[in-house]
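# Structure assessment
So you can see what is in the structure, the chains are spelled out below.
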Amino acid sequence: MNAVANNEFKILFTGPMGAGKTTAISAISDHEAVSTDVINTDLAQCNKELTTAALDYGQIVLPDNSCVRLYGTPGQERFRFMWPILLNNAAGVIVLLNGEHPELLDHLEHYVDAFGSGKVPMVIGVGRLPADDHSRLESLAMRLEKRGIALPIFDADVRQQDDVLLLVDTLLCLIEADDCRSMEA
Amino acid sequence: MENRKLAFVGLEADTTSACLSMLKIMNGRSSVEWMQAEPEDADVLMVANEDSAACQQWQESNKPCIVIYHNNEQKPSAPYTLSHPFRVMQLINILEDVSATLGGSQQDSAKVAPSETPVPNPATAGQENDFSASLYQAVTGKNKEALYQAQSAKGSLFVSPSAGAYFIQEPLFNEVRHKTVALSALKPAANTDLSAYIRRPIAELAWMTAQLASTLPEWLPKDGNFRLKRWPNVRSAKNNRAYLSMSALMTKQPCRREQLAAHAGCEQQQVDRFLSACAMSDLLVCEAGTAAPTRSPMSDEPRRLGSFIQGLRHRLGLSS
C-alpha cells in the first residue's frame with residue numbers, strides 16, 4: 001500500500017447509514033465537508049431525512065501545503081462497489097458504528113472484513129452507547145479477538161470534536177506502528 | 001462529586017474565558033466539579049508562564065500551580081504545565097492529576113506544595129504487590145466464575161472476573177482512586193448481596209492499582225516480549241499518546257519494555273505501569289518472538305509518512 005500518493009494522504013471514514021461519517025469529517029475538515037446528500041428513501045434502514053449517495057469529502061491542508069484527504073463512503077449496501085475504489089491508497093480507515101443497532105456485531109465484522117480485516121490500519125468508533133456501558137465495547141473486542149484481530153474500539157460521539165480527534169490520533173499511532181514494521185521488512 | 005476551586009493568575013482574558021467554557025463542558029465528565037475563585041481561596045492555580053510579580057508570587061506559594069505556556073515557548077520546568085492552546089480533555093487530565101495530589105480533604109489542600117509528591121499513601125510497597133498479584137491471578141486464572149473479595153480499613157471490594165467487573169462502595173472508591181488505602185490480597189468470597197455496591201469495569205481497578213507500582217511487578221518477566229490480544233480502553237488511561245503508541249505497536253507484534261519506552265517516547269515507569277494494568281485486565285500476552293525494531297529513518301516512505309503524521313497532528317492540535 002502506498003499511503004502517500006501525489007503528496008496526499010488519504011483517510012477513509014466508513015460505516016452503515018446514520019453512523020456519523022459526514023459529521024465526523026466535518027468536525028476536522030478545513031471546510032464544511034462536501035456531501036452528496038439526497039433524500040433518504042430507505043427510512044426502514046435509518047430514520048434520517050438525508051443520506052450520502054456517493055461520497056463525502058473533506059480536506060486538511062498541512063503547513064507544507066501537502067493535503068490530507070478525508071473520504072466518507074456511502075452507507076447503503078448498494079454502493080458497496082465504491083468501497084475498494086475509495087480504499088485504494090488509503091493510509092487508514094475509521095469505521096463508525098451505531099451502538100444502538102441490533103446487528104451491531106454483524107456490522108462490525110462486515111466492515112472490518114470489507115476494509116482489509118485489520119491489515120489496513122483501522123480504528124472503530126461506536127456511537128450512541130449508553131453512558132458507562134462498557135459491556136458492548138467488550139463484546140465487540142471479544143468478537144474480533146476470537147478471529148485473532150486486535151483493533152482499537154472506542155465509544156465515540158462524533159458530534160464532539162475531541163472524540164473524532166481521538167479516533168484520528170489512534171489511527172496515526174497505528175500507521176506509525178506499521179511504519180516500524182515495514183522498516184524491518 | 002467533589003468540589004474544588006480554581007483561580008487564574010496572569011492569563012489573558014480570552015484564555016481565561018476559554019478555560020471557563022471548558023470547565024462548564026467538564027461538568028459531568030470529570031470526577032471533580034471546578035469553580036472559579038480568587039487565588040487566595042483557590043485549591044489550584046492556573047498561572048501564566050511569565051515573570052510578573054503576581055505570577056512569581058503565586059508560583060512560589062504552596063498551592064498547586066498549572067503553568068500555562070504558549071506552544072511556541074519552551075516548556076517550563078514546573079510539576080504541572082499545559083501548552084496553550086489546549087483541548088478539554090487535556091484540561092480534564094491535568095486537573096484530575098492535580099486533584100489526586102490534593103487528597104480527599106479540601107481542608108488539606110492548602111498544605112500541598114506543587115513540588116511535593118502525591119499524598120503519602122499506605123498502599124505501596126508489599127501491600128499493593130499482594131493485591132496486584134492476586135488481581136492478576138484472579139482475572140487470568142481458570143476459575144473465573146468465582147467472586148473474590150479484598151478488604152481494607154475502609155470496607156471491602158469484590159471482583160467478578162467472569163463479569164469483567166468489580167463492585168465497590170463510593171467511600172472506598174474515592175480512597176482507592178486517591179491511592180490512600182491499602183487493599184488486602186483478593187480471596188475467594190462466598191455469594192454476597194452486591195446490591196449496595198457500584199459495578200465498575202475491572203480495567204479501571206487494574207489501572208488504578210498499576211499506578212501504585214514503581215517498577216514492573218514481580219509476576220511479569222522483565223525480559224519478556226509483550227503483545228496485546230485486545231486494545232485497552234485508553235479513555236480510562238486519560239487518552240495519553242504514549243498509551244496509544246504502545247497499544248498500537250503491541251497489537252502488531254511482541255515488544256520488549258525498552259522498545260516500548262523508545263517507541264512511545266516515555267519513561268520506563270510509565271511503560272511498566274501500562275504493562276501491569278494490561279496484565280491485570282487480561283489483555284497481555286507474554287511470548288517469545290522477534291521484538292519490534294527500533295525506529296530509524298532509513299527509507300523515504302516512512303520519512304514522508306512521518307512528516308504527514310507530524311503535520312496532521314500539528315494542524316489538529318494533537319501535538320504533545
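Since this is a predicted model, take the numbers as computed values, not measurements. Counting restarts for each chain: residues are numbered from 1 in the order of the written sequence. Chain letters and ligand numbers both follow the written order, the letters beginning at A and the numbers at 1. With the structure being a predicted model, the display of local features is reserved for residues of pLDDT at least 70 and the display and counting of side-chain atom pairs for 80 or more, all residues being used for whole-chain, interface and lining totals. The side-chain numbers reported here are obtained from all heavy atoms of the structure, hydrogens and water having been left aside.

### Section: the overall build of chain B
Tallying secondary structure elements over chain B gives 10 helices and 12 strands in all. Burial here depends on accessible area, computed with a 1.4 Å probe over protein chains only, as a share of the maximum for the residue type. Under 20% is buried, over 50% is exposed, and the range in between is partly exposed. Looking at the 320 residues of chain B, the share that counts as buried comes to 51%. Each helix is a run of H or I in the DSSP string that is no shorter than four residues. Each strand is a run of E no shorter than two, and both are numbered from the N terminus.

### Observations regarding the overall build of chain A
In terms of regular secondary structure, chain A is built from five helices and nine strands. Scanning chain A from its N terminus toward the C terminus, one meets helices and strands in the order β-β-α-β-β-β-β-α-β-α-β-α-β-α. Looking at chain A as a whole, 57% of its 185 residues are labelled buried. Contacts in chain A between residues at least 24 apart in sequence constitute 66% of all its contacts with a sequence separation of at least 6. Using the Shrake-Rupley algorithm and a 1.4 Å probe, accessible areas are obtained, with residue cover drawn only from the displayed protein chains. Accessible area of chain A: about 7,900 Å², with a carbon and sulfur share of 49%. Only heavy atoms matter for contacts: two residues are in contact if any of them lie within 4.5 Å across the pair.

### Focus on the environment of asparagine 71 of chain B
All names here are of chain B. Note on placement: asparagine 71 falls in the loop between β4 (65–70) and β5 (80–84). Relative accessible area serves as the criterion here: at 46%, asparagine 71 is assigned to the partly exposed category. When near neighbours in sequence (up to four residues on either side) are disregarded, asparagine 71 contacts Ser83, His84 and Pro85.

### Things to note about the pairing of strand β3 (residues 44–48) of chain B
All names here are of chain B. Burial analysis of β3 places five of its five residues in the buried class, which makes it a mostly covered element. Alternating residues of β3 divide into Val44, Met46 and Ala48 and Leu45 and Val47, and every residue in both groups is buried. Direction of pairing for β3 relative to β4: parallel, over a ladder of four bridges. Residue pairing across strands places valine 47 opposite valine 67, the latter belonging to β4. The path from the first strand over the helix to the second decides the hand: if it runs clockwise while the strands point away from the viewer, the crossover is right-handed. At this point the chain moves from β3, through helix α2 (residues 53–59), to the parallel β4, and the crossover so formed is right-handed. Criterion used throughout: strands pair if DSSP finds at least two bridges between them.

### Digging into the sheet that holds strand β6 (residues 148–152) of chain B
Residues and elements named next belong to chain B. The strand order β9-β6-β7-β8-β10 describes an open sheet built from five strands, whose pairing is antiparallel. Every other strand in the sheet has two partners, leaving β9 (187–188) and β10 (198–201) as the edge strands with one partner each. Where β6 and β9 come together, two bridges link them in antiparallel fashion. Along β9, the bridge assignment pairs glutamine 149 with lysine 187. Simply put, an axis is a line fit to the C-alpha atoms, just over the touching stretch for a helix, and the angle between two N-to-C directions goes from 0 to 180 degrees. Helix α5 (residues 170–177) contacts β6, β7 (155–160), β8 (165–168) and β10 of the sheet and is inclined by roughly 115° relative to β8. Its contacts with the sheet put helix α6 (residues 202–210) on β7, β8 and β10, and the angle it makes with β10 is roughly 70°.

### Some remarks on the side chain of asparagine 98 of chain A
By the element assignment, asparagine 98 of chain A lies in strand β7 (residues 90–98). Setting aside chain neighbours within four positions, we find asparagine 98 of chain A in contact with Ala19, Leu104, Gly127 and Arg128 of chain A.

### Notes on the environment of leucine 171 of chain A
All names here are of chain A. With respect to the secondary-structure elements, leucine 171 resides in helix α5 (residues 161–184). Taking the C-alpha atoms as reference, leucine 171 lies 6.5 Å from proline 121; in sequence the two are 50 residues apart. Aside from chain neighbours lying at most four places away, what touches leucine 171 is Ile11, Gly92, Val93, Ile94, Pro121, Met122 and Val123.

### Observations concerning the side chain of threonine 251 of chain B
For threonine 251 of chain B, the position within the fold is in helix α7 (residues 241–252). Threonine 251 of chain B gets classed as buried once you look at its relative accessible area, which sits at 18%.

### What about the sheet that holds β4 of chain B?
Residue and element names in this part refer to chain B. Overall, parallel pairing links the five strands, which are arranged β2-β1-β3-β4-β5 in an open sheet. Where the open sheet ends on each side, the last strands, each with one partner, are β2 (32–36) and β5. Each adjacent strand pair in this sheet contributes to an overall mean axis angle of 30°, direction not counted.

### Side note on the nonpolar core
For the purposes of this section, nonpolar cores are sets of buried Ala, Val, Leu, Ile, Met, Phe, Trp, Tyr and Cys residues that join through side-chain atoms within 4.5 Å. One finds Phe9 of chain A together with Leu312 of chain B to be the most contacted residues of the largest nonpolar core, which totals 89 residues. When near neighbours in sequence (up to four residues on either side) are disregarded, leucine 312 of chain B contacts Phe9, Ile11, Ile60, Leu62, Val68, Val168 and Leu172 of chain A. Within the second largest apolar cluster, 31 residues are counted, among which are Cys55, Phe86, Val88 and Ile94 of chain B.

### A few points about the confidence of the model for chain A
pLDDT is defined as a per-residue confidence score from the predictor, taking values between 0 and 100. The pLDDT averaged across chain A works out to 85; a share of 83% of its residues lies at or above 70. When the elements of chain A are averaged for pLDDT, strand β1 (residues 4–5) of chain A gives the smallest value, 60, and strand β8 (residues 122–127) of chain A the largest, 96.

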